[in-house]
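# Examination of the molecular architecture
Residues per chain, in single letters:
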Amino acid sequence: LVVISMGSYVRSLSPFNGSEPIDVVREGKQMKEKQKTVEQLKQEIKLFMDERDWQQYHTPKNMSMQIVVEAAELMEPFLFVESSASQAELEKKREAVEHEVADVAICLLNFCVRSNIDLATVIAKKMVINAQKYTVEKCKGKRTKYNEL
C-alpha cells in the first residue's frame, strides 16, 4: 500500500488489493459527496480498472451494455412492488440498493473516462436543452413528454 500526502489530502495508490476500500481522506475524515469531485471519482475508477488491466474490455459497446445491466439490477428490488410500497422496499433493502446505485455510477463514470466525456459539461448542455423542451409554464406538475405538451 502506497500513500501520498498532498497537503491535507491523503491518497492510497493501491487501495483495492484485498478488502481495503479506497479512501480519500481530508483532515482525517472520509470525503463525502459534497467534498468529492466527479474528476476524483473518475480517477479512482480509472485506477481500479487499470490495476486489473480491464480497460481492454471497456469498449463503448461493452460499457454501454454494462450500464443497462447494472440499471436493471437497481430495478430488481422493486419488481412486482406497488409504487406506493416502493419507498418502504427501499428502506428494507437500502444497502443492496445503494450497492446497485454505486455500480450504475461506476459504470457511467468509467464510460466517461474511457470515452473522454466531460460529464459536468455534457450535463450542463443537456440541462439547457431540457429547460427549452420542458418549460415551467408548460410542464409544471405534469408527466407528459415534451412533444405532447
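Bear in mind that the values here come from a model prediction, so they are computed numbers and not experimental data. (Residues numbered from 1 in each chain as written. Predicted model: local features only at pLDDT ≥ 70, side-chain atom pairs only at ≥ 80, totals over all residues. Heavy atoms only, no water.)

### Some words on the packing of helix α2 (residues 60–75) against helix α4 (residues 94–115)
The axes of two packed helices give the description: the angle between them and the distance between them. Here is the rule we go by: A fitted line through C-alpha atoms represents every axis, and for helices the fit uses only the stretch in contact; the resulting angles, taken between N-to-C directions, go from 0 to 180 degrees. Runs of H or I in DSSP of at least four residues are treated as helices and runs of E of at least two as strands, each being numbered from the N terminus. Each angle receives one of four descriptions, namely roughly parallel if under 35 degrees, roughly antiparallel if over 145, roughly perpendicular if within 65 to 115, and oblique otherwise. Note: crossing handedness is left-handed where the near helix turns anticlockwise from the far helix by less than a right angle, and right-handed where it turns clockwise. In what follows, a contact means two residues having at least one pair of non-hydrogen atoms within 4.5 Å.
At a minimum axis separation of 9 Å, α2 and α4 run at an interaxial angle of 165°. Classified by the angle between their axes, α2 and α4 sit roughly antiparallel to one another. The crossing of α2 and α4 is left-handed. Mapping the contact onto sequence places P60, M63, S64, Q66, I67, E70, A71, E73 and L74 in α2 and V97, E100, V101, D103, V104, C107, L108, N110, F111, R114 and S115 in α4.

### With respect to the side chain of K36
In plain terms, the rule: The rule is simple: take the accessible area with a 1.4 Å probe, protein chains only, and divide by the maximum for that residue type; under 20% is buried, over 50% is exposed, in between is partly exposed.
Within the element layout of this structure, K36 appears in the loop between β4 (29–30) and α1 (38–51). The buried category is assigned to K36, whose relative accessible area is 16%.

### So, the nonpolar core
What counts is decided by this rule: For this analysis, a nonpolar core means a set of buried residues of the types Ala, Val, Leu, Ile, Met, Phe, Trp, Tyr and Cys, connected via side-chain atoms within 4.5 Å.
Formed by I45, M49, L109, C112 and L119, the largest nonpolar core amounts to five residues. Looking at this core, the elements that each hand over two or more residues are α1 and α4. Once you skip the residues sitting within four places of it in the chain, L119 turns out to touch V38, K42, L109 and C112.

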